[in-house]
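This is what each chain is made of:
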Amino acid sequence: MSQDTSTKAANAKAKPAKDTSDNGASGRGAFGQDAPGQTKVDATGEVIGQRLSAYLAPTMKESPAEAEIVSHKLMIRAGLIRKLSAGIYSYLPMGLRSLRKAERIIRTEMNRFNAREVLLPSVQPAELWKESGRFDKYGPELLRFKDRHDRDCVYGPTHEEVITDIVRREVRSFRDLPLNLYQIQTKFRDEIRPRFGLMRGREFIMKDAYSFDVDDAGADLSYRSMYQAYVNIFTNCGLKFAVVEADSGPIGGSFSHEFMVLAESGEDALAFCDKCSYASNIEKAKTGDYVIYDVPEAPLEKVHTPGCRHVPQLAAFMKTPESSIIKSMLFEVEGGDPVLVLIPGHREINLIKLKNALDGANPTLASPEEAERITGVPMGFVTPVGAKVKILADLAIGRMNNGVVGAGEADYHFKNAKPGRDFAVSGYLDLNVAGQGDPCPHCGAPLALKRGIEVGHVFKLGTKYSLAMGAKFMGPDGNESPIIMGCYGIGLGRTVAASVEQNHDKDGIIWPMALAPFQVALLPLQVQNEKVIEATLKLYDELTDLGVETLLDDRDERPGLKFKDADLLGLPLRVTVSEKGLNNGQVELKERESREVTMLPLETAARAIKDSRDKALA
Ligand code: ATP
Ligand code: MG
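The structure displayed is predicted, hence computed values, not measured ones.

A.B. asks: Describe the site of ligand 1, and please don't skip the residues or the numbers.
C.D. replies: Inspection of the region around ligand 1 gives 14 residues, with Glu-191, Arg-200, Gly-201, Glu-454 and Val-455 positioned closest. Take Arg-189: an N or O atom from its side chain is 2.9 Å from an oxygen atom of ligand 1. A distance of 2.8 Å separates a nitrogen atom of ligand 1 from a polar side-chain atom of Glu-191. Across the complex, the protein chains shield 81% of the 580 Å² of accessible surface that ligand 1 would expose by itself. Going through the elements one at a time, β10 (203-213) and β23 (447-462) are the ones with two or more residues in the shell around ligand 1. At four residues, β23 tops the list of elements feeding residues into the shell around ligand 1. Here the residues of the shell around ligand 1 sort into five nonpolar, four polar and five charged.

Next comes the structure, spelled out in structure tokens:
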């Protein structure tokens, strides 16, 4: 990571000297290419002091038009990342430093919680994916290709198969377990809509861990320790986050949690109960009885409803609330028979819940033409009354006795429809998307909906992969059993981007100390002034000797521009060295977040700055 002199020389060559003034400066810096104030490296080889003129940190006034959210805009403008193609980004030095910070925090906690680091290949033979059954199931996000021998390969979007393959070969006995292995590695998922910069890339860096246990109790313990490690990691990253229950597929259970950074721009909708601390991804969120029906039963009656095609229209025409309209949707099911799904008119269908109800088979809404072909009913007038297909209904439908449903012919509906009496339902299930104010499934208090960015995910897998791929261990009684697995992921780039999304103002990024590319921006304002140069270099040496990561803005630029760039880049502490301050023997310390300014005596400034740094890290 340390920058050697040849790179710097190359840098200097690439950009010819802008300023060759009396102090013998060359390159972009005002202090001279060989002058004091060079890159400093600490005992571990990490760069701890860096001159901006010899770096690659291109700032921009405007962000690209395609950048929709603030973190994407700021990360481009501050010169942290650059796009290569859709969903594929390069990290420039400054961005890479933040990524490395996140990496170190993650590694520390994973190591502390007894996970062992490995590094698995990104290119994987398709055979493994055929064994697990995911080669066909994973869909177009899986990048598939052939090598020169015409063998099917994939670029790993995740590594359950590879790690299970290692464990089935290397683990024999209960004595080898429990085991937790993790890596920090590049994944590729051919996302249909890569966007938001690092948030949803096609290529991205993930920490993925996999636990292996002999029984459920052990697997739960592994799960809980990873959960705790994640709480520590995101706390140490300086993020405000929430942990929510997440969908865990058709097998169900509560053994999946997502770590969510709360932000308006988040792609996930989350339901929170303030009263009992229930928190869930909307994909999974259950609710209590979210609608009460209290109208007495009446006989089914056909009504002429000319032109009423949509729920609001129909509700107005029938003088009934939208919740009493029954939406009938025909779904085709991957590898199975079509189903008719009923939900109240004011709610949306939750496709994840429906998929789970279909044992994991993918449902697709039938086109009007397909629906007509399957049901024999004209387009748009599908009805459960007399339907020949299987019917699944949301729980609320089961409580209804005066629903409005299609009549199976143009411009007619039935009113007073009662499930069970007027049509048969194979199953009443929770199939709707929870809404703001719905009763909490645990305590009945109203749920609040918020948005979040999924930065981490912990998942109890059970024996899905160990059974499919034959990962077994021998117990003390000599019997073989499948290993119980868990998997645990964190997106590194997404975590850094989420931090920017959560911590910024109109001028730029506000890094938490833990993820900041450097801790201090050192700004000499008059770079031709001997006294300013001398004081700056003294501070630079003292700070870096004290272990404070310092970025020295040695560019011969206007103070206004230096301040603007410093705000944009958002290092937590800014130290300004000016003629005026030095006349009083002082330098200025400004905190990026609070904007608080303190004048420090030059003699003791480095100590005081280090103390501020330490306080922010504590
Ligand atoms: P999402 O629902 O956002 O698509 P996922 O649930 O498919 O993500 P996991 O398989 O749980 O993702 O991956 C673990 C972690 O990897 C996620 O919590 C997230 O931080 C990160 N991650 C997943 N997909 C991406 C992506 N396309 N770009 C950046 N990070 C990602
Ligand atoms: Mg996930």
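A.B. asks: With reference to specific residues and values, describe the packing of aromatic side chains.
C.D. replies: Going through the model one piece at a time under the given rule, you end up with 11 aromatic pairs. Taking 5.6 Å as the distance between ring centres and 80° as the angle between the ring planes, the aromatic pair formed by Trp-129 and Tyr-138 counts as edge-to-face. Relative to Phe-259, the ring of Tyr-227 has its centre 5.5 Å away and its plane inclined at 65°; by these criteria the two rings are edge-to-face. One end of the pair, Tyr-227, is in helix α7 (residues 216-236); the other, Phe-259, is in strand β12 (residues 256-262), and 32 residues separate them in sequence.

A.B. asks: Explain the sheet that holds strand β15 (residues 301-304) residue by residue, including any values.
C.D. replies: One open sheet accounts for three strands, arranged β15-β21-β20; its pairing is antiparallel. The open sheet is flanked by β15 and β20 (403-406), the only strands paired with a single partner. Ignoring strand direction, the axes of neighbouring strands in this sheet form an average angle of 35°.

A.B. asks: Describe the domain arrangement of the protein chain, naming the residues involved and giving the relevant values.
C.D. replies: Many structure descriptions define interface size as the accessible area lost when the parts assemble. Domain annotation of the protein chain identifies domain 1 (24-63 + 517-617), domain 2 (99-121 + 157-287 + 447-499) and domain 3 (301-429). Using only C-alpha atoms to locate each centre, domain 1 and domain 3 end up separated by 66 Å.

A.B. asks: Account for the sheet that holds strand β17 (residues 339-344), with residues named and values stated.
C.D. replies: Ordered by their spatial adjacency, five strands build an open sheet running β18-β16-β17-β19-β22, and the pairing between neighbours is mixed. On the outer flanks of this sheet lie β18 (363-365) and β22 (427-429), each paired with one strand and no other. Averaged over all adjacent pairs, the angle separating strand axes in this sheet is 35°, with direction ignored. In this sheet, β22 lies alongside strand β19 (residues 390-394) in parallel orientation, the contact comprising three bridges. Across the sheet, residue Asp-394 finds its bridge partner in β22, namely Leu-429.

A.B. asks: Requested: an account of the confidence of the model for the protein chain, with residues and values cited.
C.D. replies: In this model, the protein chain carries an average pLDDT of 92, and 94% of its residues clear a pLDDT of 70 or more. A low-confidence stretch, residues 1-26 stays under pLDDT 50, and its non-local contacts, those more than four residues away or across chains, total 43 contacts.

A.B. asks: Talk me through the nonpolar core; I want residue IDs and the actual numbers.
C.D. replies: Grouped together as the largest cluster of nonpolar side chains are 60 residues, with contacts concentrated most on Leu-80, Ile-233 and Trp-511. Residue assignment places this core across two domains, with domain 1 (24-63 + 517-617) and domain 2 (99-121 + 157-287 + 447-499) each supplying three or more. For Leu-80, the contacting residues outside a window of four places in its chain are Met-75, Ser-90, Tyr-91, Leu-92, Met-94, Gly-95, Ile-509, Trp-511 and Leu-569. Formed by 26 residues, the second largest nonpolar core is a distinct cluster that contains Ala-535, Leu-543, Leu-573 and Leu-602.

A.B. asks: Kindly report on the side chain of Ser-53, identifying the contributing residues and their values.
C.D. replies: In this structure, Ser-53 sits in the loop between β2 (47-51) and α2 (70-77). According to the relative accessible area criterion, Ser-53 is buried, its value standing at 7%. A distance of 2.6 Å separates polar atoms of two side chains, one belonging to Ser-53 and the other to Asp-554.

A.B. asks: Any details on the pairing of β10? Residues and values, ideally.
C.D. replies: Counting buried residues in β10 gives 10 out of 11 residues, a clear majority hidden from the surface. In the sheet, strand β9 (residues 179-188) pairs with β10 via 10 bridges, with the strands oriented antiparallel. Bridge pairing in β10 links Thr-186 to Ile-205. The sheet contact formed by β10 and strand β26 (residues 484-491) spans eight bridges and is antiparallel. Bridge pairing in β26 places Tyr-210 opposite Cys-487.

A.B. asks: How would you explain helix α6 (residues 160-170) if you had to name every residue and give the values?
C.D. replies: Counting buried residues along α6, eight of its 11 residues qualify, which places the element largely inside the surrounding structure. Burial in α6 covers these residues: Glu-160, Glu-161, Val-162, Ile-163, Thr-164, Asp-165, Val-167 and Arg-168.

A.B. asks: Mind laying out the pairing of β23, listing which residues take part and the relevant values?
C.D. replies: Two strands pair when backbone bridges link them, and β12 and β23 are joined in this way by seven bridges, in the antiparallel orientation. Paired with Met-260 across the two strands is Glu-454, which belongs to β23. Pairing of β23 with β26, which is carried by six bridges, proceeds in the antiparallel orientation. Within the sheet, the bridge partner assigned to Gly-462 lies in β26 and is Met-485.

A.B. asks: Can you explain unusual backbone geometry? Please cite residues and give values.
C.D. replies: In terms of backbone geometry, most residues other than glycine have negative phi values and most peptide bonds are trans. Following Leu-177, the chain continues into Pro-178 via a peptide bond in cis, with omega recorded as 0°. Of note, Pro-178 is situated in the loop between α6 and β9. In this model, Asn-114 sits at a positive phi of 70°, which is unusual for a non-glycine residue. Its location among the elements puts Asn-114 in the loop between α3 (93-112) and β5 (116-117).

Scoring rules and cut-offs
Residues numbered from 1 in each chain as written. Chains lettered and ligands numbered in written order. Predicted model: local features only at pLDDT ≥ 70, side-chain atom pairs only at ≥ 80, totals over all residues. Heavy atoms only, no water. Near = heavy atom within 4 Å. Polar contact = N/O pair within 3.5 Å; in protein donor to acceptor, adjacent residues only side chain to side chain. Areas by Shrake-Rupley, 256 points an atom, 1.4 Å probe, with all protein chains shown as cover. Helix = DSSP H or I, 4+ residues; strand = E, 2+ residues; numbered from the N terminus. Nonpolar A, V, L, I, M, F, W, Y, C, P; charged D, E, K, R; others polar. Phe/Tyr/Trp six-rings, centres within 6.5 Å; stacked < 30°, edge-to-face > 60°. Pairing = 2+ DSSP bridges. Axes fitted to C-alpha atoms, helices over the stretch in contact; angles between N-to-C directions. Domains from an automatic or database assignment. pLDDT = per-residue confidence, 0-100. Contact = heavy atoms within 4.5 Å. Core = buried A, V, L, I, M, F, W, Y, C linked by side-chain atoms within 4.5 Å. Buried < 20%, exposed > 50% of the residue type's maximum accessible area, 1.4 Å probe, protein only.

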